[in-house]
Amino acid sequence: SDSAVTAGSTVASLLVVLAGQLRCVSDDPTQPGRLLQPGDAAGVELLLGVDTTWKESFVAHQGCVVLQVVSRSGFLAALMEFPHQGANFLPLVESYFGWGSTMDKPVPDLSGVTMFIGCHRGFLEDLQRGVEDALYFPGQNIVTEGQEGDRTTD
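The residue count restarts for each chain, going from 1 along the sequence in the order it is written. Totals for whole chains, interfaces and linings use all residues, but because this is a predicted model, local features are given only for residues with pLDDT of at least 70 and pairs of side-chain atoms are given and counted only at 80 or more. Processing note: side-chain calculations cover all non-hydrogen atoms of the structure and skip hydrogens and water entirely.

Trainee: Kindly report on the overall build of the protein chain, identifying the contributing residues and their values.
Mentor: Each helix is a run of H or I in the DSSP string that is no shorter than four residues. Each strand is a run of E no shorter than two, and both are numbered from the N terminus. The helix and strand inventory of the protein chain stands at four helices and seven strands. Scanning the protein chain from its N terminus toward the C terminus, one meets helices and strands in the order β-β-β-β-β-α-β-β-α-α-α. Buried, partly exposed and exposed residues are distinguished by accessible area as a fraction of the type maximum, computed with a 1.4 Å probe on protein chains only: under 20%, between the cut-offs, and over 50%, respectively. For the protein chain, with 154 residues in total, the buried portion stands at 23%. Two residues qualify as a contact provided that any one of their heavy atoms is within 4.5 Å of a heavy atom in the partner residue. When contacts within the protein chain are restricted to residue pairs at least 6 apart in sequence, long-range pairs at least 24 apart make up 67% of them.

Trainee: How would you explain the packing of aromatic side chains if you had to name every residue and give the values?
Mentor: Any pair of aromatic rings gets described here by the distance separating the centres and the angle formed by the planes. Only centres within 6.5 Å qualify two rings of Phe, Tyr or Trp (six-membered ring in Trp) as a pair; their planes then separate them into stacked at under 30 degrees, edge-to-face at over 60, and tilted for everything else. According to the stated counting rule, one finds one aromatic pair in the structure shown. Relative to Phe 89, the ring of Phe 75 has its centre 5.0 Å away and its plane inclined at 85°; by these criteria the two rings are edge-to-face. Pair noted here: Phe 75 is in helix H2 (residues 72-81) and Phe 89 is in the loop between H2 and helix H3 (90-96), with a separation of 14 residues, a long-range link.

Trainee: Describe in detail the environment of Gly 49, supporting the description with residues and values.
Mentor: Relative to the elements of secondary structure, Gly 49 occurs in the loop between helix H1 (44-47) and strand S6 (57-60). Given a relative accessible area of 39%, Gly 49 falls into the partly exposed group. Remark: the alpha-carbon pair of Gly 49 and Val 93, spanning 44 residues in sequence, is separated by 9.4 Å.

Trainee: How would you sum up H2? Please name residues and give values.
Mentor: Three or more residues of H2 are buried, namely Phe 75, Leu 76 and Leu 79. Viewed end-on, H2 has its buried residues packed into an arc of 95°, placing them on one side of the element. Exposed residues lying more than 90 degrees from the buried face of H2 are Ser 73 and Glu 81. Looking at the buried residues of H2, the elements they touch are H1 and strand S7 (66-71). Summarising the geometry, the arc corresponds to the directions from the helix axis toward the C-beta atoms.

Trainee: Which residues make up the nonpolar core, and what values go with them?
Mentor: Buried residues of nine kinds, namely Ala, Val, Leu, Ile, Met, Phe, Trp, Tyr and Cys, make up a nonpolar core once their side-chain atoms join them within 4.5 Å. Leu 15, Val 17, Leu 22, Cys 24, Leu 36, Ala 42, Leu 46, Trp 54 and Phe 58 together form the largest nonpolar core, which totals nine residues. The set of elements that each furnish at least two residues to this core consists of strand S2 (13-19) and strand S3 (22-25). Counting eight residues, the second largest nonpolar core, distinct from the first, contains Leu 14, Leu 48, Leu 76 and Leu 79.

Trainee: Account for the sheet that holds S2, naming residues and giving values.
Mentor: Sheets are built from strands that pair by backbone hydrogen bonding, the pairs being arranged parallel or antiparallel. Only strands that DSSP links by at least two bridges are regarded as paired with each other. Strand order in the open sheet made by the three strands is S5-S2-S7, with antiparallel pairing throughout. Across the chains shown, the open sheet's two edge strands, defined by having one partner strand only, are strand S5 (41-42) and S7. By the bridge criterion, six bridges tie S2 to S7 in an arrangement that is antiparallel. Paired with Val 17 across the bridge in S7 is Leu 67. Relative to S7, H2 is tilted by about 60°, and along the sheet it contacts S2 and S7. An axis is simply a line fitted to the C-alpha atoms; with a helix, the fit covers only the stretch in contact. Between two such axes, the angle follows the N-to-C directions and lies from 0 to 180 degrees.

Function cannot be read off these values alone, since they describe shape.
Following this line, the structure appears as structure tokens:
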């Protein structure tokens, strides 16, 4: 068939439907096919780097489809230019991993971290309540040499 993308492919791009309809086809019989409409996108997990291969194939549905293809390299280059935009994608990553709320997220067990071994459980629980989620992309600075120690790179 004339697939826009084939399942198992490692093309790291986001497909945005501009016109027409894009049908998603999976080899897994438990996964029903989806129909993407203009404004819908596929490949978010590949664009964000949380997955490495397409899980579905995509074909034009009943006629032609116009796609805009956003490459991962282009996306990362834009994030380097506008680093504050990265925060907009944290909910997508959380959704991909099934973290609908903070209650669903895995709680890091700080008791296994060398510097916290032997600390009181209540102390560790209080410490864990103060953590913040952050999403960093390849090449993005997390901390810059000479920066104040209680801040991360903006």
